[in-house]
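So the chains spell out like this:
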Amino acid sequence: MKTKTTPSAKPRKKSTPAKAAPAVESSAPEVLGATQANGEPSAGVGARLRYVRELHGLSQRELARRAGLNHGTIGCIEKETISPSVGSLRKILDSLPMMLSEFFSLDPDIETQVFFRRDELLDVGAGGISLLQVGRNLTGRPLQILLERYAPGAETAAQPYSHEGEEGGVVIQGQVEVTVGGVAKVLGAGDGYLFSSRLPHRFRNVGDDEAVVVSANTPPL
DNA sequence: TAATGTCTGTTCCGCTAACG
DNA sequence: CGTTAGCGGAACAGACATTA
């Protein structure tokens, strides 16, 4: 259909930028396929890239310009006719900006989901604490909503910890000792809290029954 | 008409097998 | 073990097709 009228007479680069980036290269072929490291099927790199690009309102050419790649390469990646090297993908994501881990945690099918059934909540908790997150992927979102369940005696950490952000919530059931900035308070059903996450804080179920808290965190932990 | 996406042909690089 | 040729694939430039 389309014929290339003149063979490329321009001198080509001795090495492509992607392959010249030593920080991300290894001797083994390092390309990115359509499955995650854990082997689970996932949206392909192409679908993810298209999703992220459109999320940022960029055309293939604009994204290519920012990343220092050819627009045809972006198109091929999105159509999954090629698997980008880690170097190339990194350049693309750096131009957005986005981390590789964020990119591969994206699920374009879920990102647009508005309503979540109970069994669709993602449990991000551990150690006697169930933290059911609304939405499986919060990339690009400033807010995290959790349904927290604490087994009797369960605590978020042995020592209070701090981090950037704000958090607040309401105790639905049970007795939860909330320690913020060295001040401890036992909250019961209907009680709430709101504080800067920069203050050292800790949660502990001091009751005999399971404690339930609905909380909001920004940014997501 | 400009912007955008797709396609084709070419070049270069890395891997692998064959060979000395 | 080192070298070399062949092969596959990433990335490129540029042209064509589509759409607003």
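See the structure shown above.
Please read all numbers here as calculations on a predicted model, not as lab measurements.

(A) Representation of helix α2 (residues 45-55). Within α2, burial applies to Val45, Gly46, Arg48, Leu49, Tyr51, Val52 and Arg53. Following α2 by one or two positions, Gly57 adopts a phi angle in the positive range, close to 65°.

(B) Region of interest: the nonpolar core. Core analysis: the biggest nonpolar cluster contains 17 residues, and Leu49, Leu63, Ile74, Ile92, Leu96 and Phe103 have the highest contact counts within it. Listed by contribution, the elements that provide at least two residues to this core are α2, α3 (60-67), α4 (71-79) and α5 (86-94). Considering every element that reaches this core, the biggest residue donor is α2, with 4 residues. With residues up to four places along the chain from it excluded, the contact list for Leu63 reads Leu49, Arg53, Leu58, Ile74, Ile92, Ser95 and Leu96.

(C) Layout of the packing of α2 against α4. Running from N to C, α2 and α4 cross one another at 120°; their axes reach a closest spacing of 6 Å. The pairing of α2 with α4 is recorded here as oblique in orientation. Note on element contacts: α4 touches α2 through Ile74, Ile77 and Glu78, opposite Val45, Gly46, Ala47, Leu49, Arg50 and Arg53. Split into classes, the residues belonging to the contact of α2 with α4 amount to 5 nonpolar, 1 polar and 3 charged.

About the cut-offs
Once a new chain begins, its residue numbering starts again from 1 and follows that chain's sequence as written. Note on labels: chains are lettered from A, ligands numbered from 1, in written order. Only residues with pLDDT of at least 70 are given local features in this predicted model, and only at 80 or more are side-chain atom pairs given and counted; all residues enter the totals for whole chains, interfaces and linings. Excluded from the side-chain calculations are hydrogens and water; all other atoms, namely the structure's heavy atoms, are used. Here's how the labels work: a residue is buried when its accessible area is under 20% of the maximum for its type, exposed when over 50%, partly exposed in between, all with a 1.4 Å probe on protein chains only. Think of it this way: any DSSP run of H or I at least four residues long counts as a helix, any run of E at least two long counts as a strand, and we number them from the N terminus. Only buried residues count toward a nonpolar core. Its members are Ala, Val, Leu, Ile, Met, Phe, Trp, Tyr and Cys residues joined through side-chain atoms within 4.5 Å. Should any heavy atoms of two residues lie within 4.5 Å, those residues are counted as being in contact. The axes are straight lines fitted to the C-alpha atoms, using for helices just the contacting stretch, and the angles between their N-to-C directions are given from 0 to 180°. Reported orientations rely on four angle classes, namely roughly parallel under 35 degrees, roughly antiparallel over 145, roughly perpendicular from 65 to 115, and oblique for the rest. Amino acids are sorted into nonpolar (Ala, Val, Leu, Ile, Met, Phe, Trp, Tyr, Cys and Pro), charged (Asp, Glu, Lys and Arg) and polar (every other residue, Gly among them).

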